[in-house]
Every structure is written in C-alpha cells, then in structure tokens.
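Structural description and commentary
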Number of protein chains: 2
Amino acid sequence: MAGADFASRVTLNDVAAAAGVSIATASKALNDTGRMSVETRGRIRRVALEMGFRPNALAKSLTSKRSFTVGLLTNDTYGRFTLPVMAGISEGLIDHGVSVFLCTVEDNPELAKIHVDAMLDKQVDGIIATGKRIDKPLPVDLSKLSVPVVYALTAGPSDAVTLLPDDQRGAREAVQHLVAQGRRRIVHVTGPRGFRVVQERADAFAEALERAGLPVSDAAILRGEWSERWGHEAVEVLWSDDAQPDGIFCGNDQIARGVIDALRERGVGIPGDVSVVGFDNWEIVAEQTRPPLTTVDMNLKELGRQAGQALLRLVNGETVQRGIWKLPCTLVVRGS
Amino acid sequence: MAGADFASRVTLNDVAAAAGVSIATASKALNDTGRMSVETRGRIRRVALEMGFRPNALAKSLTSKRSFTVGLLTNDTYGRFTLPVMAGISEGLIDHGVSVFLCTVEDNPELAKIHVDAMLDKQVDGIIATGKRIDKPLPVDLSKLSVPVVYALTAGPSDAVTLLPDDQRGAREAVQHLVAQGRRRIVHVTGPRGFRVVQERADAFAEALERAGLPVSDAAILRGEWSERWGHEAVEVLWSDDAQPDGIFCGNDQIARGVIDALRERGVGIPGDVSVVGFDNWEIVAEQTRPPLTTVDMNLKELGRQAGQALLRLVNGETVQRGIWKLPCTLVVRGS
DNA sequence: AGGAGATGAGAAAAGGGTTTCTCAAATTTT
DNA sequence: AAAATTTGAGAAACCCTTTTCTCATCTCCT
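Residues numbered from 1 in each chain as written. Chains lettered and ligands numbered in written order. Predicted model: local features only at pLDDT ≥ 70, side-chain atom pairs only at ≥ 80, totals over all residues. Heavy atoms only, no water.

Description of the interface of chain A and chain B
For the record, the criterion: Only heavy atoms matter for contacts: two residues are in contact if any of them lie within 4.5 Å across the pair. In this description, buried area is defined as the sum, over both parts, of the accessible area (probe of 1.4 Å) that is lost when the two are combined. What counts as a salt bridge is simple: a side-chain nitrogen of Lys or Arg found within 4 Å of a carboxyl oxygen of Asp or Glu. In the analysis that follows, any N or O atom pair within 3.5 Å is treated as a polar contact, provided that within protein one partner can donate a hydrogen and the other can accept it, and provided that, for residues neighboring in sequence, both atoms belong to side chains. Numbering of helices and strands runs from the N terminus; a helix is a DSSP stretch of H or I covering at least four residues, while a strand is a stretch of E covering at least two. Here the nonpolar group is Ala, Val, Leu, Ile, Met, Phe, Trp, Tyr, Cys and Pro; Asp, Glu, Lys and Arg are the charged ones; every other residue, Gly included, is treated as polar.
In this complex, chain A contributes 66 residues to the contact, which on the side of chain B involves 65 residues. Buried area between chain A and chain B, both sides added, is near 5700 Å², and the carbon and sulfur share of it is 53%. Taken together, the links from chain A to chain B amount to 14 salt bridges. Across the salt bridge formed by Arg9 of chain B and Asp121 of chain A, the nearest N and O atoms sit 3.5 Å from each other. Counting across the interface, chain A meets chain B through 30 residue pairs in polar contact (both at pLDDT 80 or more). Elements with a contribution of two residues or more to the side of chain A that touches chain B: helix H4 (57–64), helix H5 (82–94), strand E2 (99–104), helix H6 (109–121), helix H9 (228–239), helix H10 (253–265) and helix H12 (300–315) of chain A. Looking at the side of chain A that touches chain B element by element, the count peaks at six residues for H6 of chain A. Its residues assigned to classes, the side of chain A that touches chain B shows 29 nonpolar, 20 polar and 17 charged.

A short note on the sheet that holds strand E6 (residues 186–190) of chain B
Residues and elements named next belong to chain B. Our working rule: Following DSSP output, two strands are said to pair if at least two bridges run between them. Throughout, an axis means a line fitted to C-alpha atoms (over the contacting stretch in the case of helices), and angles, computed between N-to-C directions, take values from 0 to 180 degrees.
If you trace the six strands from one edge of the open sheet to the other, you get E7-E6-E8-E9-E10-E12, paired in mixed fashion. One side of each edge strand has no neighbouring strand; the edge strands of this open sheet are strand E7 (221–223) and strand E12 (330–332). When strand polarity is set aside, the average angle formed by the axes of neighbouring strands in this sheet is 20 degrees. Pairing of E6 with E7, which is carried by three bridges, proceeds in the parallel orientation. Paired with Thr190 across the two strands is Arg223, which belongs to E7. Together, E6, strand E8 (247–250), strand E9 (275–280) and strand E10 (294–297) form the strand contacts of helix H10 (residues 253–265), whose direction differs from that of E9 by roughly 155 degrees.

Considerations on the protein's contact with DNA strand D
The following threshold applies: A cutoff of 4 Å decides nearness: a residue is near a molecule or strand if any of its heavy atoms lies inside that distance of it.
Near DNA strand D you find 27 residues, and of these Leu12 and Ser27 of chain A together with Thr25, Arg35 and Lys65 of chain B are the closest. Taking Lys60 of chain A, its side chain carries an N or O atom lying 3.3 Å from a phosphate oxygen of DNA strand D. Sorting the residues of the surface near DNA strand D by element identifies helix H2 (23–31) and H4 of chain A together with helix H2 (23–31) and helix H4 (57–64) of chain B as the ones contributing at least two each. Considering only residue class, the surface near DNA strand D consists of 10 nonpolar, 11 polar and six charged.

Some points on the domain arrangement of chain A
Test applied: Marked domain ranges trace back to an automatic or database domain assignment.
Structurally, chain A comprises domain 1 (12–55), domain 2 (65–164 + 300–327) and domain 3 (167–297). Computed from C-alpha coordinates alone, the two centres of domain 1 of chain A and domain 3 of chain A are separated by 64 Å.

Brief notes about the protein's contact with DNA strand C
Contacts to DNA strand C come from 28 residues, most closely from Thr25, Arg35 and Lys65 of chain A together with Leu12 and Ser27 of chain B. Put simply, 55% of the atoms of DNA strand C that lie within 4 Å of the protein are in sugar or phosphate. Within the side chain of Thr25 of chain A, a nitrogen or oxygen atom sits 2.5 Å from a phosphate oxygen of DNA strand C. At a separation of 2.7 Å, a phosphate oxygen of DNA strand C approaches a polar side-chain atom of Lys65 of chain A. Going through the elements one at a time, H2 and H4 of chain A together with H2 and H4 of chain B are the ones with two or more residues in the surface near DNA strand C. When its residues are assigned to classes, the surface near DNA strand C shows 11 nonpolar, 11 polar and six charged.

Structural notes on the packing of aromatic side chains
Stated precisely, the cut-off is as follows: Pairing of aromatic rings covers Phe, Tyr and the six-membered ring of Trp, with a centre-to-centre limit of 6.5 Å; geometry is then stacked below 30 degrees between planes, edge-to-face above 60, and tilted otherwise. Only when the NZ atom of a Lys or the CZ atom of an Arg is both within 6 Å of the ring centre and within 35 degrees of the ring normal do we say a charge sits over the ring.
Overall, the coordinates contain seven aromatic pairs over all chains when judged by the stated rule. Joined through ring pairs, the aromatic side chains of Phe205, Phe249 and Phe279 of chain A make up one cluster. Across from the ring centre of Phe68 of chain B, 4.7 Å away, lies the NZ or CZ of Arg66 of chain B, which sits over that ring. Of note, Arg133 of chain B hangs over the ring of Phe195 of chain B, and the distance from its end group to the ring centre comes to 3.5 Å.

Quick word on empty space enclosed by the protein
So the rule is basically this: A cavity, in this analysis, means grid points on a 1 Å lattice covering only the protein atoms where a 1.4 Å probe fits yet has no way out; a pocket is instead an open set bounded by protein on both sides within 12 Å along at least five of seven lines, and a residue lines either one if it has an atom within 4 Å of a point. Grid points are joined across faces, edges and corners, and a volume is the space filled by probe spheres set on the points.
Counted by the stated rule, this structure contains four cavities of 30 Å³ or more. Reported here for the largest cavity is a volume of approximately 120 Å³. Taken together, 14 residues line the largest cavity, and the ones lying closest to its centre are Leu58 and Lys122 of chain A together with Leu58, Thr69 and Lys122 of chain B. Counting only elements with at least two residues in the lining of the largest cavity, the list comes to H4 of chain A together with H4 of chain B. Residue composition of the lining of the largest cavity, grouped by class: six nonpolar, six polar and two charged.

A word on the relation of the copies chain A and chain B
Turning one copy of the chain about an axis and sliding it along that axis gives the other copy, so a rotation and a shift relate them. Counted only if it meets this: When the copies are superposed, the least-squares fit takes in the C-alpha atoms of residues with a pLDDT of at least 70 in both.
Superposition of chain A onto chain B requires a rotation of 180 degrees combined with a translation of 0.0 Å along the rotation axis, giving an RMSD of 0.1 Å. As the rotation angle and translation indicate, the two copies are arranged about a two-fold axis. By C-alpha distance to the rotation axis, the residue of chain A lying nearest is Phe101 of chain A, at 2.3 Å. Comparing interface residues between copies, 98% of those in chain A also lie at the interface in chain B; the contact surface is shared.

Observations regarding the environment of Trp239 of chain A
All names here are of chain A. Inspection of the secondary structure puts Trp239 in helix H9. Between the C-alpha atoms of Trp239 and Arg266, which are 27 residues apart in sequence, the distance is 9.3 Å. Setting aside its immediate chain neighbours within four residues, Trp239 contacts Gln244, Pro245, Ile248, Leu263, Arg266, Val268 and Val274.

Structure (structure tokens):
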C-alpha cells in the first residue's frame with residue numbers, strides 16, 4: 001500500500017562526471033563520433049556500462065527530430081484484423097528501435113481527432129491507418145498531416161501508399177484448388193453486396209471458373225451476411241434445388257463454418273461429396289471445424305511488416321511507390 | 001512516388017515572436033500561470049490558436065518528467081484477452097492525455113527485454129503487464145524497474161497491484177443460474193488441470209452446488225483441453241452413462257460451443273432438456289452458437305480501465321492498495 | 001628551431017518548453 | 001510627496017543530448 005518513489009535515471013552528465021570528462025566528450029564516446037583517444041573512449045564506455053546508462057530517448061528526439069515512434073490507428077475494435085497487422089508492424093520496426101502507439105478509434109470522429117492530436121503532439125514519425133474494411137476510410141482525414149501516413153487494410157486517398165491483400169488472387173487460388181480436386185459445380189457463398197471485397201472476390205471467382213472452362217452463372221454467387229447463420233441458410237437454399245454443388249468457396253471462415261456444419265447435419269461428406277474453402281484463415285474458426293477448414297490466408301502479419309517498412313522509408317525521405325500495393329494471399333490446405 | 005518534405009510545426013518561439021512577447025510570457029499565458037494582464041494573455045492565446053500552435057510533448061516531458069505515455073506488455077499474441085483490456089486502458093487514459101505503447105512479446109525473454117528497454121528509454125510513466133494466463137508471468141522481470149507496474153490478467157509479484165476477474169464469483173453465478181432454471185444434475189466441463197482458473201472455477205462450482213443443496217461429486221468435473229473438440233468428447237462421455245446431466249457449466253465458450261453442437265447432434269434440446277453456460281463471453285463464439293450461448297463475461301474492458309487508473313495513481317505517487325483485486329464478472333443470459 | 005597539420009577534449013549553442021528570479025513601472029499606503 | 005507594494009513581463013537556468021566550434025598540445029616536416 002504505497003506510492004513508492006522511483007530512482008531517477010542515470011544521465012549523460014552522471015556518466016561524464018564519473019569518467020572525469022565533459023558531457024560533450026561522453027556523448028561522442030558513446031556515439032562513436034568525434035575525436036578522442038581509444039583509451040578515453042573505452043573508459044567512458046566502461047563507466048557508462050557499469051552505471052547502467054541509457055540515453056533519454058526524449059532528449060535525443062528533441063535534437064534529432066525523430067522520435068522512433070509511430071502511431072497505429074484502427075477502427076477495428078474487435079482486433080480480428082488489427083492484431084496480426086500490429087504484430088507485423090511491431091516485429092518489423094522494433095529492430096529499428098521504433099515503438100508503436102495503438103489507438104482504437106471505433107467510428108468516432110472526435111475520438112479519432114483526439115488520438116491523432118495526441119500522437120502528433122508526441123511527435124510520432126508517422127502514422128499507419130488500418131481498419132476492417134478496405135472500402136471505408138477511418139473517421140478522420142489524415143491526408144494533410146505533417147507526418148507521412150501509410151494505409152493498410154483501409155481506404156486512403158489515391159495518392160497515398162495503401163497496402164491490401166490481393167483478394168482476387170486469393171479467390172482465384174481457392175477456385176483453382178477446388179477445380180484441382182475435381183470439382184465442377186462450384187458456387188460462392190459470400191457477404192453483403194456493399195463490401196468491395198465481396199465484389200472483388202466474386203469477380204475473381206467468376207473469372208477463375210471461366211478460365212477453368214466451367215460454366216459461369218450469376219446464380220452461383222450467393223450473397224448474405226458474414227455469419228455462420230448465413231452459411232446454414234445458403235446450404236438450405238442450395239440443397240433445396242436439384243443440382244447441388246460439389247465445391248463451395250465461402251467469402252469468409254465464419255460462413256464456411258456454417259456451411260460445413262449444415263452439410264454435416266445433412267449427412268453430406270466433406271471433402272468426400274463436397275469440398276469447402278473459406279477465406280481469412282481465422283485459425284480459431286478454421287482449425288475447429290470438422291474437418292478443419294481449407295482457407296485463404298491474407299498474410300496480415302506480412303502486410304503489417306511491409307506497412308511498417310514503407311512508413312519507415314517515407315520517414316527517411318526515401319521514395320516509395322504510391323498507390324495500392326496488393327500483397328499475395330496463401331491458400332492453407334486443411335481437411336475440407 | 002515521393003519522399004515529401006513535411007511542414008515543420010509551429011513552436012512556442014514562433015507564437016511569442018508573433019505576439020511580440022518573450023517565450024517565457026507566452027508559455028505562462030498558455031498554461032494559465034504567471035502574472036500578466038488579461039489583455040496580454042488573451043492576445044497570446046489568440047495568436048497561438050490562429051497559428052495552430054500545439055506544444056511539443058517531448059519538450060514538455062523533458063522538464064516535467066512525465067511523458068503521458070504508458071507501455072502495455074502482453075504475451076497474448078492472439079489478442080483475445082489483450083484487446084479488450086487494451087481498449088479499456090486506452091479509453092480510461094486518453095482523457096488524461098496518455099497514450100499507450102502496445103508491445104507483444106510472445107514468450108520470448110530477449111524480445112521482452114528489448115521492448116521493455118525501448119519503453120523505458122522513451123520514458124514511459126509506467127507499465128501494464130497483461131497476458132492470457134493468470135498463473136504464468138511474462139518472460140521478463142518487471143519488479144525492479146524505475147517506473148510503477150500494474151499487472152492485469154497475468155501473474156505478478158505478491159506485493160504488486162494485480163487485477164484479475166473474479167472467476168469464482170463468475171462460476172458461482174453460472175451455477176446459480178443453472179439452479180434457478182431448475183437444473184439439478186449439473187456438471188462442469190473445463191480445461192486442463194494445470195491452469196489456475198480451472199482450479200478456481202472448479203472449486204467455486206463445487207461450492208455453489210453445495211450451497212444449493214445439490215450433491216457434489218468429483219465425477220461432475222471433467223477436465224480436458226480448451227477446445228470445441230473436447231466439448232464434443234465430454235458430451236460423448238457424459239451420454240454414454242446412465243444418468244445424464246441437465247445442466248452443463250463449461251470452462252470456456254469454445255468448450256461450450258462443442259458441447260452445444262454435440263448435444264444438438266444427439267437431438268438433445270437446448271435449453272429444453274439441458275441448459276448450458278459458458279465462460280468468457282467471446283461474442284464471436286457465443287453469439288453464433290445455436291441457440292446463442294449464455295456465458296460469463298469477465299468485463300475485461302472495465303478491468304483494463306481500472307488497471308489504467310491504478311497505474312495513473314501510482315505514477316502520481318498516490319497510495320494504491322497492493323495485492324490482488326478481483327473484479328466482478330457478469331452473467332450474460334442468452335438462449336442456452 | 002619554427003611553422004604546419006593532426007589530435008584530443010571542452011565550451012557553447014541548439015532543440016522546445018517550464019520555472020524561478022529579477023526588475024522597472026504602476027499603484028497603493030502613510 | 002516619499003515609501004512600500006503590487007503588477008507585468010523578461011532574463012536566465014534547467015531538462016538531457018547532440019553537434020559545431022574553438023583551442024591548446026603534440027607530432028612532423030623542412
């Protein structure tokens with residue numbers, strides 16, 4: 001039960017005094033700059049090490065104009081997408097000594113502004129905006145900021161650097177996998193019409209079918225909500241018809257889960273009678289379906305890593321290709 | 001395709017010059033300290049506003065010894081627990097102008113040290129340690145740091161401030177709910193023996209049964225893994241016996257999901273024949289079960305908020321009750 | 001030996017604020 | 001009217017590091 005007093009840290013001044021030199025010399029010794037004898041440099045370093053000296057990053061930043069800090073802004077409260085992206089960013093940047101402020105702004109413009117202001121006040125070197133929909137922007141305009149911004153998994157201005165998974169290629173691979181399994185009557189059960197990813201995946205689905213020489217029909221694309229329930233319903237719809245599919249490509253893993261459960265309830269064999277492929281590789285869902293779900297992984301961690309690298313380059317004033325970067329998806333083959 | 005140059009920010013110096021006063025006066029005008037005429041103060045403020053002046057938080061921190069920054073350290077890569085906690089912390093602290101560094105350290109001691117050092121270098125005011133198991137510490141010793149530390153949902157030293165959900169009360173409420181539904185043959189299907197929460201929830205389960213005047217038997221507690229599969233298996237075990245339960249309290253929502261699915265497959269009515277209660281209120285699971293799962297919510301966001309508040313008090317040198325704080329859980333009644 | 005160049009290290013300014021003094025001018029008191 | 005306060009605002013020190021100068025001392029060359 002206490003508010004303890006915490007020891008104040010060792011400063012460069014302390015080190016310099018202990019080593020019997022000026023702080024200028026001490027600074028130079030530790031940064032491997034300036035001119036001095038090897039003995040002096042060694043002695044100062046030894047003293048610093050012994051005293052456990054760690055330079056105050058704030059003071060450093062004040063002169064260097066670099067805080068080695070970036071802000072990550074997200075409206076994905078649930079974190080399904082943000083966390084892998086965050087992990088990638090963090091992993092890619094910690095080697096450069098960069099730390100990440102995570103700010104969840106929901107869809108609240110005031111809150112978003114508060115967070116952005118707080119980040120700018122703290123002199124972040126840059127900002128990464130991320131979200132859960134690639135066709136909706138965050139509730140705040142980041143285009144006129146005094147620091148560079150990279151967009152990942154969210155909509156940004158067209159002249160910005162934006163990283164997105166290559167949904168279309170992912171969808172194509174999913175279909176190709178189904179075709180390779182010998183499936184010929186393939187349908188697509190996906191989310192609501194309003195989502196860009198729904199459009200893109202559906203287009204790629206149709207295109208892949210065509211390339212495979214299979215008939216393409218509008219009826220093969222069923223749109224609903226992003227839920228297990230819709231997966232069930234879709235199976236009901238499909239199986240109330242005469243011609244049942246032998247391959248189902250789902251718009252996300254939850255729908256796939258619903259589809260698989262519904263098929264199993266009907267006694268349809270998976271993957272014996274029907275093969276199912278999901279999208280997202282949300283492991284908590286995909287690994288628990290029976291059988292485990294074959295699905296498309298968006299490699300979000302890698303996407304985060306690249307977003308971090310891109311931001312770093314912008315911060316360093318290097319040139320970076322503007323526009324949309326589509327990063328490859330990977331088909332994860334499991335048992336479905 | 002460019003590394004743009006970004007406008008440098010307005011400094012106090014700029015404001016002072018524009019207002020025709022010294023920076024000392026400008027500083028005092030904006031902070032509502034010092035002595036000056038109301039006209040001067042007003043003029044300076046107006047100028048600052050017009051110029052869009054925002055003080056450099058780094059410079060402020062250098063003198064104030066407060067960075068208004070805290071570090072959140074977690075080993076919960078998947079974020080199931082960390083994200084709600086993070087959201088609560090952030091929500092509770094942003095009003096005080098505090099931003100949060102999120103660092104995921106997995107179980108890697110080196111990585112953890114790197115992150116902790118980076119945070120300390122950046123002069124965080126304090127650190128919150130969080131994880132996915134209340135009986136395992138993070139892979140780094142935070143007890144001798146120069147800043148206060150609060151533990152949430154992870155093991156810390158006994159003299160530290162540690163916030164945990166009140167698992168026992170949550171479990172009791174779950175059982176009481178089952179009893180109130182008229183259930184008399186209640187069993188507990190939970191996770192592996194090694195977990196402290198398993199022990200605690202099981203103890204509370206037994207105690208609650210006893211209080212309700214129901215027979216308590218060791219056989220009523222089935223331990224397995226934290227998975228849907230184990231939920232299925234447990235139902236198999238239970239239904240291979242003569243006396244089947246009419247109430248099942250599960251150690252987490254995934255197990256509950258497995259139990260519900262298995263029961264439905266057997267044609268057992270939920271909640272007609274058997275009531276099921278889960279633990280965690282992992283909405284993505286709980287809301288998609290059929291019927292939706294009644295479960296115990298650990299109020300992690302509130303836990304995070306309180307962790308933030310506690311840390312702030314420690315930072316301010318206020319006294320804080322050491323030891324373990326058990327925060328209430330809430331039963332969320334849905335359809336099971 | 002005298003001057004040029006190299007060497008080692010410190011003084012001082014800068015970075016953007018806060019805060020404690022100091023001090024002249026204005027106001028109040030006697 | 002002279003002395004004592006109060007008021008308004010600036011000078012300067014400080015927070016911690018970096019970096020550019022400056023300068024005294026050595027070493028080397030002719």
